[in-house]
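Examining the three-dimensional arrangement
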Amino acid sequence: MLSRDKMPAHIGIIMDGNGRWAKMRGLPRIEGHRKGAEKAKEIIKAAIELGIETLTLYAFSMENWQRPKNEVSMLMSLLEMYLKKELNAFIKEGIQFRAIGEIWRLPEKIQSIIREAEDKTSGNTGMTLVAALSYGGRNEIVRAVKKAIYSGMDVESITEDSFSALLDTAGLPPPDLIIRTSGERRISNFLLWQSAYSELYFTNTLWPDFSKEEFIHAISDYQSRERRFGAVPSRET
Ligand code: FPP
């Protein structure tokens, strides 16, 4: 059972294992991504039902640009189709859509769908859905440093808070929980600055096999942890 008053405000997910899922079935990798996109839809729905305020999905990393050209272009077509198809659902569900990462690197068509999705959902008050696309944590930090310098920011005014406001995630709470599927136990350049105190949940399940039940299990695991943010446990004070 989940405790309503200890729900993570922000969950980040590294959706890994689509390729292996397809390979195990003798299918082309893109079939794994297709299944992965369906899974993303299911988990977005579950997050809304559970009252999660912000959900960030790592859909395409900076490093993913190095994949074979045809996989990148198929992923881009999938992304385009997905966003086009889901835009009305985002509006209907009251989702606020936001993309983080080097969006300008994406095909122009996708950039314009992203802009449309952000514009049309900016007045919504439901869950914030963040798509990390062409995203890398180090790249985001470097871009924020450049913004600080180019804007002529006074060195003394640079604080953790003022710096956070220069990141792509400005205004969003840091992730309380980060889930990574497929057995890898690393952060892989995802929300590096923001994950300083995130609880991590790793599972061997491949992303296309992930389920609402396991999502709830991950949240319940999170709720059983004691978060101290570097301080002593409250019972010892
Ligand atoms: C990792 O699996 C997954 C990706 C690189 C792409 C994720 C994209 C989607 C789920 C579709 C788009 C979704 C949204 C929400 C817009 P992998 O290929 O690294 O798997 P492997 O490690 O088994 O090879």
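Let us look at the structure shown here. (Residues numbered from 1 in each chain as written. Predicted model: local features only at pLDDT ≥ 70, side-chain atom pairs only at ≥ 80, totals over all residues. Heavy atoms only, no water.)

What follows deals with the packing of helix α2 (residues 29–50) against helix α3 (residues 69–93). Their axes nearest at 11 Å, the elements α2 and α3 cross at an angle of 20°. Our classification of the angle between α2 and α3 gives roughly parallel. Helix-helix and strand crossings are classified by hand; for α2 and α3 the assignment is right-handed. Residues Arg 29, Ile 30, His 33, Arg 34, Ala 37, Ala 40, Lys 41, Ile 44 and Ile 48 of α2 pack against Glu 71, Met 74, Leu 75, Leu 78, Tyr 82, Glu 86 and Glu 93 of α3. Residue composition of the contact of α2 with α3, by class: 9 nonpolar, 1 polar and 6 charged. (Axes fitted to C-alpha atoms, helices over the stretch in contact; angles between N-to-C directions. Helix = DSSP H or I, 4+ residues; strand = E, 2+ residues; numbered from the N terminus. Parallel < 35°, antiparallel > 145°, perpendicular 65-115°, else oblique. Left-handed = near helix turned anticlockwise from the far one by under 90°. Contact = heavy atoms within 4.5 Å. Nonpolar A, V, L, I, M, F, W, Y, C, P; charged D, E, K, R; others polar.)

Within the largest apolar cluster, 47 residues are counted, with the highest numbers of intra-cluster contacts made by Ile 13 and Phe 215. For this core, the element with the most residues is α3, which contributes 9 residues. Sequence-distant contacts of Phe 215, that is, excluding residues within four places in its chain, are made with Ile 11, Ile 13, Ile 43, Ala 46, Ala 47, Leu 50, Ile 179 and Phe 210. If you look at the next biggest cluster of nonpolar residues, it comprises 11 residues, including Ile 100, Val 130, Leu 172 and Leu 191. (Core = buried A, V, L, I, M, F, W, Y, C linked by side-chain atoms within 4.5 Å. Buried < 20%, exposed > 50% of the residue type's maximum accessible area, 1.4 Å probe, protein only.)

Moving on, we come to the site of the ligand. Surrounding the ligand, one finds 17 residues, the nearest of these being Asp 16, Gly 19, Arg 20, Arg 29 and Arg 67. Interatomic distance of 3.1 Å between a side-chain N/O atom of Asp 16 and an oxygen atom of the ligand. The side chain of Arg 67 places a nitrogen or oxygen atom 2.7 Å from an oxygen atom of the ligand. Compared with its free state, where it exposes 620 Å², the ligand has 91% of that area covered by protein. Counting residues per element, the ones that place at least two in the shell around the ligand are α1 (18–24), α2, β2 (54–61) and α3. At 5 residues, the largest contribution of residues to the shell around the ligand is made by α2. Considering only residue class, the shell around the ligand consists of 7 nonpolar, 6 polar and 4 charged. (Near = heavy atom within 4 Å. Polar contact = N/O pair within 3.5 Å; in protein donor to acceptor, adjacent residues only side chain to side chain. Areas by Shrake-Rupley, 256 points an atom, 1.4 Å probe, with all protein chains shown as cover.)

Scanning all chains against the criterion turns up 22 salt bridges. In this structure, Arg 186 engages Glu 184 in a salt bridge whose closest nitrogen and oxygen atoms are separated by 3.2 Å. Between Asp 221 and Arg 225 there is a salt bridge; the shortest N-O distance is 2.6 Å. For Arg 225, a relative accessible area of 26% corresponds to the partly exposed category. When salt bridges with common partners are traced through the structure, they connect Asp 16, Arg 20, Arg 180, Glu 184 and Arg 186 into a single cluster. (Salt bridge = Lys/Arg side-chain N within 4 Å of Asp/Glu carboxyl O.)

Let us now look at α2. With 22 residues, α2 should cover 32 Å at 1.5 Å per step; its first-to-last C-alpha distance of 31 Å lies within 8% of that length. Buried within α2 we find Ile 30, Gly 32, His 33, Gly 36, Ala 37, Lys 39, Ala 40, Ile 43, Ile 44, Ala 46, Ala 47 and Leu 50. Its buried side turned inward, α2 meets β1 (10–14), α1, β2, α3, β4 (128–135) and α7 (212–223). Among the residues trailing α2, Gly 51 stands out with phi positive, at a value near 80°. (Expected span 1.5 Å × (residues − 1).)

A few words on unusual backbone geometry. Despite not being glycine, Ser 182 shows a phi value in the positive range, around 80°. One can find Ser 182 in the loop between β5 (177–180) and β6 (199–202). Residue classification places Ser 182 among the buried residues on the basis of a relative accessible area of 7%. One non-glycine residue, Asn 189, adopts positive backbone phi at about 70°.

Time to look at the sheet that holds β6. Spatial ordering of the open sheet is given by β3-β4-β2-β1-β5-β6, a layout of 6 strands whose pairing is parallel. Each having just a single partner strand, β3 (96–100) and β6 make up the two edges of the open sheet. Adjacent strand axes in the sheet meet at a mean angle of 20° when their direction is disregarded. Alignment of β1 against β5, held across 4 bridges, turns out to be parallel. For Ile 11, the partnering residue across the bridge sits in β5 and is Leu 177. Where α3 meets the sheet, its contacts fall on β2, β3 and β4, and the angle it forms with β2 comes to roughly 155°. (Pairing = 2+ DSSP bridges.)

Any functional reading would require information beyond the geometric quantities listed.
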